[in-house]
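The primary structure of each chain is shown beneath.
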Amino acid sequence: MAVKRGSRYIGRMIDRLYLPLLGLAAALAIGLAMVWPQGYGARSPAPFGHTPVQQTPAMKAAMQRQIEAAQARVEEAREAVRDLQAQAIAPTE
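The shown structure was predicted, so the numbers you read here are calculated from the model rather than taken from an experiment.

A. Spatial organisation of the overall build of the protein. Helices and strands together make up the secondary structure of the protein, namely two helices and zero strands. Counting the 93 residues in the protein, one finds 3% classified as buried. Of the roughly 8600 Å² of accessible surface on the protein, 65% is carried by carbon and sulfur atoms.

B. Region of interest: the pattern of salt bridges. Summed over the entire model, instances satisfying the criterion amount to two salt bridges. Measuring nitrogen to oxygen at the nearest pair gives 3.6 Å for the salt bridge that ties Arg82 to Glu75. The partly exposed category is assigned to Arg82, whose relative accessible area is 42%. Accessibility expressed as a relative area gives 39% for Glu75, which makes it partly exposed.

Cut-offs used in this document
Residues numbered from 1 in each chain as written. Predicted model: local features only at pLDDT ≥ 70, side-chain atom pairs only at ≥ 80, totals over all residues. Heavy atoms only, no water. Helix = DSSP H or I, 4+ residues; strand = E, 2+ residues; numbered from the N terminus. Buried < 20%, exposed > 50% of the residue type's maximum accessible area, 1.4 Å probe, protein only. Areas by Shrake-Rupley, 256 points an atom, 1.4 Å probe, with all protein chains shown as cover. Salt bridge = Lys/Arg side-chain N within 4 Å of Asp/Glu carboxyl O.

Here's what the structure looks like:
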């Protein structure tokens, strides 16, 4: 099988374009990682960042109210199950 004379250079040409583009993409990803918040509540460095909404006092209070309401609902559900179980065990009472 005969190989075309110019075909052996195609791999080198693609590498010459691909590898610098890959390096540039990696540098951009590293740069973005340096200024982008890392998850909920993490803050970006000084010139870019601001206090996340989750860390404001009003949001913390709202989240605490939600937690307490959820715990109250769970406790009410447990109490209802206990009452049903007690009625099933001793229905005459």
